[in-house]
Amino acid sequence: MSHKSAKDFFRPLAVGAPQPLREIPARPSRAIHFFDPSNEKMAAKIPAMVGTVDVLLGNLEDAVKADNKVAAREGLVRIAQDTDFGPTQLWTRINALDSPWVLDDLTTLVPAIGEKLDVIMVPKVQGAEDIHYVDRILAQLEAKAGITRPILVHAILETARGVANVEEICGASPRMQGLSLGPADLAADRKMKTTRVGGGHPGYLVREDAPRDADGGYLYDADRFRFQQDLWHYTMAKMVDACATHGVYPYWGPFGDIKDTVACEDQFRNAFLLGCVGAWSLHPVQIEIANRVFSPSVEDIAHARRVVAAMGDGTGAVMIDGKMEDDASLKQCLVLVELAEELAAIDPVLKATYDAIETPEA
Ligand SMILES: CC(=O)SCCNC(=O)CCNC(=O)[C@H](O)C(C)(C)COP(=O)(O)OP(=O)(O)OC[C@H]1O[C@@H](n2cnc3c(N)ncnc32)[C@H](O)[C@@H]1OP(=O)(O)O
Ligand SMILES: O=CC(=O)O
Ligand SMILES: [Mg+2]
């Protein structure tokens, strides 16, 4: 495979296109809230949601009926033009690159609302070639429309080939903002035997050994503990490593069991703990869950600040509450402290909560 030279990687791909970014800004994106711009009831709620959610995403792909694709595209243009998004990011999910709608999605959205669109989410990305296609066409459209800052690209990891190529996808363009794990399409593509949109499965488990009777025989029929396992652990970990390697952000995608807010929270928290910065929200009830779960807890920040204060110049080892802390655990604490600062900058309630934590003297 041929690679661009380092000096060419950050050159605009069209004359007059904006200069690519060297670093993707860490903008809070705990919940990426999906709405169907062709659904009038849903669309009417969007202006009032500004400021309550980090990202509003006008979805044009799956979940929008084929007959409504044009209405969704036009609806998104209207909403974007009529709404002041303030601190809330505006994203869209375009149709798949092999669909009959995607070219019109791009050629309509960029000239009409390109200055307001922060990120374009591309579904069913298979490899670097898909990102290269979007990269070049965006550069041409940006140049033609006089867009002054590059629109970023987010890929959904939802095919087996995409997972196999996750490294090259992350590194395909300086536009790459992040990746989301799409469990529904990924399950179908891999021929997994779950019909759920994210979450676990009662059949995917590990069972406690059978106890033995007095003669040493196994009691296979005995009641034995069963532990449901995580179907998504391997893919999520692989995605997080690829994203961290390339300086882009990993996200959990959808959780389809809207009524099971407890399991949704578990799914989101697993993603947070493994390194993801956010997840999709499909229904308003999922926004609060994501905002809470993807914000460091008061306990974590209190502990992290104690370690930062105790570590002074950041070298050496100290004991806090019977535990060893050193340069490496300080870095873990700084991940949380820095995230808290980024979130506090846009979330006044969270800022007040973090400000109220007693910070130890250095
Ligand atoms: C695998 C994937 O690709 S996942 C990504 C694609 N899927 C999506 O984007 C799905 C987006 N969400 C939805 O379509 C809907 O939330 C559904 C179909 C899941 C549920 O919709 P409903 O049955 O109408 O939910 P419910 O009755 O609880 O809605 C309550 C209210 O919230 C509104 N609402 C529901 N979802 C949303 C949303 N995503 N954004 C804004 N408002 C919403 C409804 O319009 C309704 O308004 P009303 O009180 O004025 O009547
Ligand atoms: O698009 C998301 C998915 O899970 O499929
Ligand atoms: Mg999908």
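Residues numbered from 1 in each chain as written. Chains lettered and ligands numbered in written order. Predicted model: local features only at pLDDT ≥ 70, side-chain atom pairs only at ≥ 80, totals over all residues. Heavy atoms only, no water.

The protein appears in an unreviewed UniProt entry as CoA ester lyase from Nocardioides humi. Word for word, the UniProt comment on the protein under Cofactor (unreviewed entry) is "Mg(2+)". (UniProt positions renumbered as here; feature names shortened; annotations may be inferred.)

Undergrad: I'd like a rundown of the site of ligand 2, residues and numbers included.
TA: Taken together, the residues surrounding ligand 2 are R93, E158, G182, P183, A184, D185, P254 and W280. Within the contact set of ligand 2, an oxygen atom lies 3.0 Å away from a side-chain nitrogen or oxygen of R93. Contacts to ligand 2 include P183, whose backbone N or O atom sits 3.0 Å from an oxygen atom. When isolated, ligand 2 has an accessible area of 190 Å², and the protein chains bury 94% of it. For the shell around ligand 2, the element with the highest residue contribution is helix α8 (residues 183-190), accounting for three residues. Split into classes, the residues belonging to the shell around ligand 2 amount to four nonpolar, one polar and three charged. (Near = heavy atom within 4 Å. Polar contact = N/O pair within 3.5 Å; in protein donor to acceptor, adjacent residues only side chain to side chain. Areas by Shrake-Rupley, 256 points an atom, 1.4 Å probe, with all protein chains shown as cover. Helix = DSSP H or I, 4+ residues; strand = E, 2+ residues; numbered from the N terminus. Nonpolar A, V, L, I, M, F, W, Y, C, P; charged D, E, K, R; others polar.)

Undergrad: Now, about the coordination of the magnesium ion (ligand 3): what can you tell me, with residues and values included?
TA: Protein ligation of the magnesium ion (ligand 3) involves E158 (OE) and D185 (OD), the donor distances falling in the range 2.1 Å. Pair noted here: E158 is in the loop between β5 (152-157) and α6 (160-164) and D185 is in helix α8, with a separation of 27 residues, a long-range link. (Donors = N, O, S within 2.8 Å, 3.2 Å for Na, K, Ca; no water.)

Undergrad: Could you give an account of unusual backbone geometry, with specific residues and numbers?
TA: Not every positive phi belongs to a glycine, and A63 is a case in point at roughly 90 degrees. Its location among the elements puts A63 in the loop between β2 (55-59) and α3 (69-82). Given the relative accessible area of 74%, A63 is considered exposed. A positive phi angle, near 65 degrees, is found at K191, a position not held by glycine. Tracing the backbone through its elements, the reader meets K191 in the loop between α8 and β7 (205-207). Note on K191: relative accessible area 61%, which makes it exposed. (Buried < 20%, exposed > 50% of the residue type's maximum accessible area, 1.4 Å probe, protein only.)

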